[in-house]
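Residue-level listing of the chains:
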Amino acid sequence: MPTDDLPEAFHVTTDEQLRAVSNLTRHRIMAVLRFEPATITQIAERVGLAKGSSSYHVRLLERAGLVKVVRTRKVRGVNERYYAMAARSIVLPDPGEGGPDVLMRHAVADLEGAPADGERHVRMAHLRLTDEQFAELGSRLHALAEEYRALSDPSLPDASLVFALFHPGSRRQVEGEAK
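Keep in mind the model is a prediction, meaning the values are calculated, not measured.

K.L.:
Could you give an account of the packing of aromatic side chains, naming the residues involved and the relevant values?
P.N.:
What the rule picks out here adds up to zero aromatic pairs. Taking the ring centre of Y82 as reference, the NZ or CZ of R71 above it sits at 4.2 Å.

K.L.:
Explain helix 4 (residues 51-63) to me, and be specific about the residues and the numbers.
P.N.:
Taking 1.5 Å as the rise per residue, helix 4 with 13 residues should run 18 Å; its terminal C-alpha atoms sit 18 Å apart, in good agreement. For helix 4, the complete set of buried residues consists of S54, H57, V58, L60 and L61. Considered in projection along helix 4, the buried side chains sweep an arc of 155° and stay on one side of the axis. Seen from the open side of helix 4, the exposed residues pointing more than 90 degrees away from its buried face are K51, G52 and R63. Structurally, helix 4 contributes buried residues whose contacts are with helix 1 (15-22), helix 2 (24-32), helix 3 (40-47), strand 2 (67-75) and strand 3 (78-85). Looking one or two residues past helix 4, G65 carries a phi angle of roughly 85°, positive in sign.

K.L.:
Account for the pairing of strand 2, naming residues and giving values.
P.N.:
One ladder, built from eight bridges, connects strand 2 with strand 3; its direction is antiparallel. Residue pairing across strands places T72 opposite R81, the latter belonging to strand 3. Here strand 2 hands over to strand 3 after two residues, with R76 in that stretch at a positive phi of 50°.

K.L.:
Could you give me a rundown of the nonpolar core, with the residues and numbers involved?
P.N.:
In terms of nonpolar packing, the biggest core is built from 20 residues, with L33, I43, V58, L61, L66 and V67 touching the most fellow members. Residue assignment for this core shows that the elements contributing at least two residues are helix 1, helix 2, helix 3, helix 4 and strand 3. Element by element, the count of residues in this core is highest for helix 2, at three residues. Those residues within four positions of V67 in sequence are excluded, and the remaining contacts are L33, V58, L61, E62, Y83, A84, M85 and A86.

K.L.:
Now, about the packing of helix 2 against helix 3: what can you tell me, with residues and values included?
P.N.:
Close contact between helix 2 and helix 3 brings their axes to 10 Å; oriented N to C, the two are set at 115°. The angle between helix 2 and helix 3 falls in the class roughly perpendicular. In this structure, helix 2 meets helix 3 at a crossing whose hand is right-handed. Facing helix 2, whose interface residues are R28, I29 and V32, helix 3 presents I43, R46 and V47. Its residues placed into classes, the contact of helix 2 with helix 3 shows four nonpolar, no polar and two charged.

Thresholds applied
- Residues numbered from 1 in each chain as written.
- Predicted model: local features only at pLDDT ≥ 70, side-chain atom pairs only at ≥ 80, totals over all residues.
- Heavy atoms only, no water.
- Phe/Tyr/Trp six-rings, centres within 6.5 Å; stacked < 30°, edge-to-face > 60°.
- Lys NZ or Arg CZ within 6 Å of the ring centre and 35° of its normal.
- Helix = DSSP H or I, 4+ residues; strand = E, 2+ residues; numbered from the N terminus.
- Expected span 1.5 Å × (residues − 1).
- Buried < 20%, exposed > 50% of the residue type's maximum accessible area, 1.4 Å probe, protein only.
- Arc of directions from axis to C-beta.
- Contact = heavy atoms within 4.5 Å.
- Pairing = 2+ DSSP bridges.
- Core = buried A, V, L, I, M, F, W, Y, C linked by side-chain atoms within 4.5 Å.
- Axes fitted to C-alpha atoms, helices over the stretch in contact; angles between N-to-C directions.
- Parallel < 35°, antiparallel > 145°, perpendicular 65-115°, else oblique.
- Left-handed = near helix turned anticlockwise from the far one by under 90°.
- Nonpolar A, V, L, I, M, F, W, Y, C, P; charged D, E, K, R; others polar.

Rendered as structure tokens:
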């Protein structure tokens, strides 16, 4: 199933969905399914899980609506299911003030799990921007990510792009300290 046939976004709105995406193993399973469908056996091999564990996690993702069966085929009398993402991207709810950001925790775990000898571009910059500059930078980052996502080729190795543009403290807190 090509990703062109998928809805653009899946909005996580329920506690069940949030629990499903919050788990690092399920996050890695969704990464396997990002560009092409896979069977439980293929998922287990790529993630390094036992088939039973892989099946358990995929069932939770399926129940939450995040993945779905896109085709089946009969292999030695057994129906083999191919799973794929339910949408091209997953939109998480705002974690709220002080809440854990699931996306960033997964990004750090993925970075830590990446081969140490691989090429990486990791940078943190502290900026002082007007509200307009902040909004423009956010829009440009989103546009750049979308431009390169459109160029993605499933036959090439994965590359992950994560960015976070935020004010480290609340605006009132920062403005109060400046006075």
